[in-house]
Amino acid sequence: MSVLVGRGSRVVIQGITGREGSFHTAQMRAFGTNVVAGVSPGKGGSDQDGVPIFDTVADAVAATGADVSGIFVPPAFAADAIMESATAGVELTVCITEGIPVQDMIRAREVVLRTGRRLLGANCPGIVTPEQCKVGIIPNHINRPGPVGIVGRSGTLTYEVIQGLGEAGMGQTTSVGIGGDPVMGLSFPDVLGLFADDPGTRAVVLIGEIGGSDEETAAAWIRDTGFDKPVVAFISGRTAPPGKRMGHAGAIISGNTGTAQSKIDALTGAGAVIADTIEDVVRLTAAKLAGGAG
Amino acid sequence: MKLLEYQAKQRFAAAGINVPPGRLARTPEEAADAARELGRVAVKAQVPIGGRGKAGGIAVVDTPDEAYREAARILAMDIRGYPVRSVWCESGLEIAAELYLGITLDRDRRRLVVIFSAAGGMEIEQVAIEAPERIAKLWPDPFAGPMPFEIRRLAFAGLAQAPQLRGQAAKLVNGLVAMTTRLYGVATALDALTCEINPLVLTPQGSLVAADGKLEIDENAHFRHGDVAEELARDETGEDGSTGDDPFEVEARRRGLTYVHLDGDVGCIGNGAGLTMNTLDLVKQHGGEPANFLDIGGGASAERVRNALEMVLLDPKVRGVFINVFGGITRGDEVARGIIAARDQLHITKPLVVRMTGTMEEEGRRLLQEAGIVPGKNATEAAAAIVALTREEPS
């Protein structure tokens, strides 16, 4: 089982002819993703390694029935690409681009909401349902199918968790990177809600970090909805000083909001177990899957 | 990117927001000229941080001679690491009331929020904690911006806590509608993450005047505001090239590296923001103190690793470096060769501990070991190793 993407997903890549777009399209296809179209304004009618290219997302959707988009365009054009995708009828837009201005994202997110469709990211590594579909830049070889749902703000930490679980024999239903920006599309509660409805997901690993209060919101959601699947949470940035942006645009402690401790306390209060290291994530997830208390 | 007070005020004024008459002075002579022209003025240090007044960076003067003396004193100051390059000499205001009007990002609502309070002149964060009922908020539609009726509701809600202003509420609210519309225009045109007037002064004659200004522009939007960046660079940099920012962070920016300087002695390099933060956390968990945060981003090319190592070792406090890299599709042996080459080129003698994953990682670890670099099998063990190595007394 899986959430958001699977074997039936038909993927269009916006910015397919760029350096990142072309490299990762090849990786996605090697993974087995059904890339049905690419978009590159002005290059419609050509193809890239057999993938037909269109001038607009609307053209791509009309011709190929694409229902998931991966965006690899530069930051100045990415918010527009998100709005184009959602209004063209694409159900899930995955924006990999890092560095999009916050006010652009506020407007793009609003447009996606009004269409009733979904946005993942931006500034995210994408999404993988092992052996079925990958949209984004998560390394191919680490993913294997299994009962764990992963949702995280950090790309490389998500890879670490996927790999660590995999080495211990635990695979994933779907791994979802929601991204490191302060204003993003799908958030922790949205993805937890999807995992709640996915019978294949038996435990969830949540990878949070300093900045904002989305982890606290997730904790409240877990408590309020009675989410009954075990949650193993990992929070990075315990040593981060206030007022400094730690790599991600969203990873900043402002005043007394956004500290690691506040997130750890909230998640602990909601019944999640906190892992201090990646090895802890693996150990605690194994214990939860075996029905133990960790 | 934080603008200085006078730069923020120039932008406010251009949008039709009242600001007190003022002149910029970079020398005591210019300050004296300003006082000659404007009369009684406040001489205010232009630095991109708060708390200037408490630090002695603001003086009210009556004569050109006094202006000269105070400007000379303030221009020689260094306010929490920021050398004062200029002073803003500004006419004083008669004050009937001090209000607050600001626009900032509300991360929870994923929108800009307009904040109005009749409790101006103090930090709005402080008001939010001590008297949250004195703060009124509005989250405008990001395409339409704030509507006049929404701003009226905001204004009346904020004024409800200020009964002394009740008599002039109608006129005041009209003024606030115009001012909020203009301020929102500034915030959106400049990609501001914070755009604040505090205090917003109500004069006895009933005008609203921005007595202070704060503007912080989204770093991701630099590409749209090259002019502002240029202006800032001109104003912040003195003849010695110093900006007042942490010199290591300035150097890292020049090198195109994402780096945060910290107080400890264990250099930390990782790829990806979350992983790098976790690298620091692991060092701390094992009793070490991280010297920095340095994210080399995706992949781990030899050139990036060399650049990063060189950067981290510029800090003389650093006693050893922990490199934590998730290789992904990068080959472990290539990462290892890159690190060894960097170490040799830079003649690094301080201990290095490397933890990396990737295809061919066994081979990579063997190469590191042979080169005298400690390969950690996992990040936790590697953190323990670097902390132990940097705690040993030099022989």
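None of the values given here were measured: they were computed from a predicted structure.

*Asks:* How should I be thinking about the pairing of strand 8 (residues 111-117) of chain B in this particular structure?
*Replies:* Two faces, one strand: in a regular strand the side chains alternate between the faces of the sheet. Residues and elements named next belong to chain B. Of all seven residues making up strand 8, six are buried, and the element is well covered by its neighbours. Direction of pairing for strand 7 (residues 97-106) relative to strand 8: antiparallel, over a ladder of seven bridges. The partner of Tyr100 across the bridge, within strand 8, is Ser117. Where strand 8 lies against strand 9 (residues 135-138), four bridges are found, and the strand directions are antiparallel. Looking at strand 9, one finds that Phe116 is bridged to Ala136.

*Asks:* Would you mind showing me how to read the packing of helix 10 (residues 302-313) of chain B against helix 11 (residues 332-345) of chain B here?
*Replies:* Axis angle and axis distance: for two packed helices, these are the angle between their axes and the distance between the axes, and together they describe the pair. Residue and element names in this part refer to chain B. Running from amino to carboxyl end, helix 10 crosses helix 11 at an angle of 40°, the nearest separation of the two axes being 9 Å. Put simply, helix 10 runs oblique to helix 11. Viewed along their axes, helix 10 and helix 11 form a crossing whose handedness is right-handed. Together, Ala302, Val305, Arg306 and Leu309 of helix 10 and Gly338, Ile339, Ala341, Ala342 and Gln345 of helix 11 make up the contact between the two elements. Of the residues assigned to the contact of helix 10 with helix 11, the class counts are six nonpolar, two polar and one charged.

*Asks:* So what exactly am I meant to see when it comes to the interface of chain B and chain A here?
*Replies:* Interface size, as often reported, equals the accessible area lost upon joining of the parts. Counting from both sides, the interface comprises 42 residues of chain B and, opposite them, 44 residues of chain A. At the level of elements, strand 8, strand 13 (258-261), helix 9 (273-285), strand 15 (292-295), strand 16 (320-331) and helix 13 (379-391) of chain B are the ones that each hand at least two residues to the side of chain B that touches chain A. Sorting elements by how many residues they give to the side of chain B that touches chain A places helix 9 of chain B first, with 11 residues. Its residues placed into classes, the side of chain B that touches chain A shows 19 nonpolar, 13 polar and 10 charged.

*Asks:* Where do I start with the domain arrangement of chain A in this structure?
*Replies:* All names here are of chain A. The domains assigned to chain A are domain 1 (11-121) and domain 2 (144-289). Across the contact, nine residues belong to domain 1 and nine residues belong to domain 2. The element that contributes the greatest number of residues to the side of domain 1 that touches domain 2 is helix 4 (residues 102-115), accounting for five residues. For the side of domain 1 that touches domain 2, the class distribution of residues is six nonpolar, one polar and two charged.

*Asks:* Would you explain the sheet that holds strand 13 (residues 231-236) of chain A in this entry?
*Replies:* Within a beta sheet, neighbouring strands are joined by backbone hydrogen bonds and run either parallel or antiparallel to one another. Residue and element names in this part refer to chain A. Taking strand neighbours across the sheet as the criterion, the seven strands line up as 9-8-11-10-12-13-14 in an open arrangement whose pairing is mixed. The open sheet has two edge strands with one neighbour each: strand 9 (133-136) and strand 14 (273-275). Adjacent strand axes in the sheet meet at a mean angle of 20° when their direction is disregarded. Taken together, the five bridges between strand 10 (residues 145-152) and strand 11 (residues 172-177) define a ladder with parallel strand orientation.

What counts as what
Residues numbered from 1 in each chain as written. Chains lettered and ligands numbered in written order. Predicted model: local features only at pLDDT ≥ 70, side-chain atom pairs only at ≥ 80, totals over all residues. Buried ≥ 20, exposed ≤ 12 C-beta atoms within 10 Å, placed from the backbone. Helix = DSSP H or I, 4+ residues; strand = E, 2+ residues; numbered from the N terminus. Pairing = 2+ DSSP bridges. Axes fitted to C-alpha atoms, helices over the stretch in contact; angles between N-to-C directions. Parallel < 35°, antiparallel > 145°, perpendicular 65-115°, else oblique. Left-handed = near helix turned anticlockwise from the far one by under 90°. Contact = placed C-beta atoms within 7 Å. Nonpolar A, V, L, I, M, F, W, Y, C, P; charged D, E, K, R; others polar. Domains from an automatic or database assignment.

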